[in-house]
Amino acid sequence: AARSALCSATVFPDQSREFWTAALWDPARVGEYRYLSNQSLRGLLARLPVDAVESYLWIAAVLLVLVIWFRRVRAAPDDLVAGLALTGVLGCLISPITWVHHCVWLLPALVRCVDAGLSGHRRYLYLAGAAYLVMTSRLTWLWETGPRPPLAVLGSNLYVYFSLALLIWMPTSAAVTDKALTRR
């Protein structure tokens with residue numbers, strides 16, 4: 001990373017100076033929080049009529065999501081795939097800006113759900129299938145200029161809702177093994 005930054009600075013010194021001294025520190029340059037493509041908790045809250053307390057709600061939501069993530073990761077300390085998947089989901093949720101293309105970090109969680117689903121836990125296949133269909137469709141974009149509340153609260157935040165569902169219900173190897181043992 002350092003080499004590419006130095007190489008860029010050599011080739012484009014003015015643009016590099018602008019980026020590292022001004023643009024990097026300007027949070028407004030990435031766009032408005034409420035823009036539909038921002039599928040983070042902050043984006044969800046920005047699309048609600050809670051302007052006066054939005055920042056406080058976001059901090060509370062981030063703390064709650066961190067607690068859920070911590071408990072899930074701690075419950076399966078040897079499951080590196082689950083740790084990666086849950087951390088990817090966490091990053092998408094708590095980042096102030098999560099453009100829809102950042103949701104590629106949800107894919108490890110979907111893979112884990114498919115794996116568990118093919119191992120006999122069908123409900124995980126449904127979760128992965130529904131999330132995949134929504135994320136590969138343009139369904140969320142129907143709310144860019146479409147229906148307003150209350151439907152917009154649902155439709156304009158579909159990625160956020162699936163991210164939360166994956167954070168809460170994505171199987172860890174310990175959870176799948178425990179449930180398989182209790183079935184026998």
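Right above here is the structure, for reference.
Caption draft 1: Representation of the layout of surface pockets within the structure. The space that makes up the largest pocket amounts to roughly 180 Å³. Together, Arg34, Leu36, Arg47, Trp143, Glu144, Arg148, Pro149, Ala152, Val153, Ser156 and Asn157 line the largest pocket. Its residues assigned to classes, the lining of the largest pocket shows five nonpolar, two polar and four charged.

Caption draft 2: Layout of the packing of aromatic side chains. In total, this model carries three aromatic pairs according to the counting rule given. Seen in terms of ring centroids, Tyr35 and Trp99 are 6.0 Å apart; in terms of plane orientation they differ by 70°. Their pairing is edge-to-face. Placement of Tyr35 in the loop between helix H2 (13-21) and helix H3 (41-46) and of Trp99 in the loop between helix H5 (80-94) and helix H6 (107-118) is noted, with a sequence separation of 64 residues between them. Since its relative accessible area comes to 39%, Tyr35 is described here as partly exposed. The cationic tip of Arg42 hangs over the ring face of Tyr33; the distance from NZ or CZ to the ring centre is 4.4 Å.

Caption draft 3: Layout of the environment of Val30. Here Val30 shows up in the loop between H2 and H3. Sequence separation between Val30 and Ser16 is 14 residues, and the spatial gap between their C-alpha atoms is 17 Å.

Caption draft 4: Just helix H9 (residues 158-169), in detail. Taking 1.5 Å per residue, 12 residues should reach 16 Å; H9 reaches 16 Å between its end C-alpha atoms and fits that length. Those residues of H9 lying buried are Leu158, Tyr159, Val160, Phe162, Ser163, Ala165, Leu166 and Leu167. Buried residues along H9 sit in contact with H3, helix H4 (54-75), H5, H6, helix H7 (122-135) and helix H8 (151-155).

Caption draft 5: Representation of the packing of H4 against H5. At a minimum axis separation of 10 Å, H4 and H5 run at an interaxial angle of 180°. The angle between H4 and H5 falls in the class roughly antiparallel. Along its contact with H4, which presents Trp58, Val62, Val65, Leu66, Trp69, Arg72 and Val73, the element H5 presents Leu86, Thr87, Leu90, Leu93 and Ile94.

Quick notes on the rules
The numbers attached to residues start from 1 for each chain and follow its sequence in the written order. Only residues with pLDDT of 70 or above have their local features reported here, since the model is predicted, and side-chain atom pairs are shown and tallied only from 80 upward, although totals for entire chains, interfaces and linings are computed over all residues. Excluded from the side-chain calculations are hydrogens and water; all other atoms, namely the structure's heavy atoms, are used. Whether a set of points on the 1 Å grid over the protein atoms alone is a cavity depends on a 1.4 Å probe fitting there but being unable to get out, while an open set qualifies as a pocket with protein on both sides within 12 Å along at least five of seven lines; lining residues are those with an atom within 4 Å of a point. Grid points are joined across faces, edges and corners, and a volume is the space filled by probe spheres set on the points. When residues are sorted by character, Ala, Val, Leu, Ile, Met, Phe, Trp, Tyr, Cys and Pro go into the nonpolar class, Asp, Glu, Lys and Arg into the charged class, and all the rest, Gly among them, into the polar class. Aromatic contacts are taken between Phe, Tyr and Trp rings whose centres are within 6.5 Å, Trp giving its six-membered ring; a plane angle under 30 degrees counts as stacked, one over 60 as edge-to-face, and the others as tilted. What counts as a helix is a DSSP run of H or I of at least four residues, what counts as a strand is a run of E of at least two, and both are numbered from the N terminus. Under the scheme applied here, a residue whose accessible area is under 20% of the maximum for its type counts as buried, over 50% as exposed, and between as partly exposed, the area being computed with a 1.4 Å probe on protein chains only. The criterion is that NZ of a Lys, or CZ of an Arg, lies within 6 Å of the ring centre and within 35 degrees of the ring normal, and then a charge sits over that ring. For a helix, the expected span equals 1.5 Å multiplied by the residue count minus one. Working rule for contacts: check all heavy atoms of both residues, and any pair within 4.5 Å makes them a contact. Axis definition: a line fitted to C-alpha atoms, over the contacting stretch in the case of helices. Angles run 0 to 180 degrees between N-to-C directions. Every angle not falling under 35 degrees, over 145, or within 65 to 115 is termed oblique; those three ranges are roughly parallel, roughly antiparallel and roughly perpendicular.

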